[in-house]
Amino acid sequence: MDALVQLKRMGNLLNEALDLTQQIAQASDRNDQVAIQMLYGMRQDPIDKLEAADQALRDQLYDLTDVEEYGRLAAILNGTAEPEARERPLAEQAASNRRRLKQVLDLDRILNQKLAREKSIYR
């Protein structure tokens, strides 16, 4: 599968994970423990699919035999290279995914510290 297609798939999964994480935050504000547990369970599906898509993208990268091509794609995915015009959609999607992942992780950190308190995995 093309790298851009994988990145778009990952972007959709990140959006789904963010939406569910926001719903967990709302349930937490209502102190609705049943909804919190249900939503955490629901959130696991896009996370699992995201891990699989990430691995597929890594496999695609590792399958490249041209060292320069490998380095270029890795740099674009990591946001450390200025993309050429034909690479711009790939670079923009990768940047969007990094921003969305940061949003998910930041919100998850807040939720985990709020819900788990001293047992938080972020302590």
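Since the structure is predicted, the reported quantities are computational estimates derived from the model, not experimental observations.

Colleague: Outline the nonpolar core, supporting the account with residue identities and numerical values.
Modeller: If you look at soluble globular proteins, the nonpolar side chains tend to sit buried side by side. Judged by nonpolar contacts, the single largest core of 18 residues is most densely connected at Leu7, Met10, Leu57, Leu73, Leu77 and Leu90. Of all the secondary-structure elements, those providing two or more residues to this core are helix H1 (3-29), helix H2 (33-62), helix H3 (67-78) and helix H4 (88-116). Every residue in contact with Leu73, bar those within four places of it in the chain, is listed here: Ala3, Leu61, Leu64 and Leu90. The next biggest cluster of nonpolar side chains, apart from the first, holds eleven residues, and it includes Leu18, Ala27, Val104 and Leu107.

Colleague: Residues and numbers for the packing of H3 against H4, please.
Modeller: It is at 7 Å that the axes of H3 and H4 come closest, and there the two elements cross at 45°. Judged on the interaxial angle alone, H4 and H3 are oblique. Side by side, H3 and H4 meet where Leu73, Ile76, Leu77 and Asn78 of the first sit next to Leu90, Ala91, Ala94 and Arg98 of the second. Of the residues that constitute the contact of H3 with H4, the class distribution is six nonpolar, one polar and one charged.

Colleague: Summarise the environment of Leu7; cite the residues concerned and give the values.
Modeller: Structurally, the position occupied by Leu7 is in helix H1. Sequence separation of Leu7 and Leu90 is 83 residues, and the distance between their C-alpha atoms is 7.7 Å. Residues in contact with Leu7, not counting those within four places in the same chain, are Leu57, Leu77, Leu90, Gln93, Ala94 and Asn97.

Cut-offs used in this document
Residues numbered from 1 in each chain as written. Predicted model: local features only at pLDDT ≥ 70, side-chain atom pairs only at ≥ 80, totals over all residues. Heavy atoms only, no water. Core = buried A, V, L, I, M, F, W, Y, C linked by side-chain atoms within 4.5 Å. Buried < 20%, exposed > 50% of the residue type's maximum accessible area, 1.4 Å probe, protein only. Helix = DSSP H or I, 4+ residues; strand = E, 2+ residues; numbered from the N terminus. Contact = heavy atoms within 4.5 Å. Axes fitted to C-alpha atoms, helices over the stretch in contact; angles between N-to-C directions. Parallel < 35°, antiparallel > 145°, perpendicular 65-115°, else oblique. Nonpolar A, V, L, I, M, F, W, Y, C, P; charged D, E, K, R; others polar.

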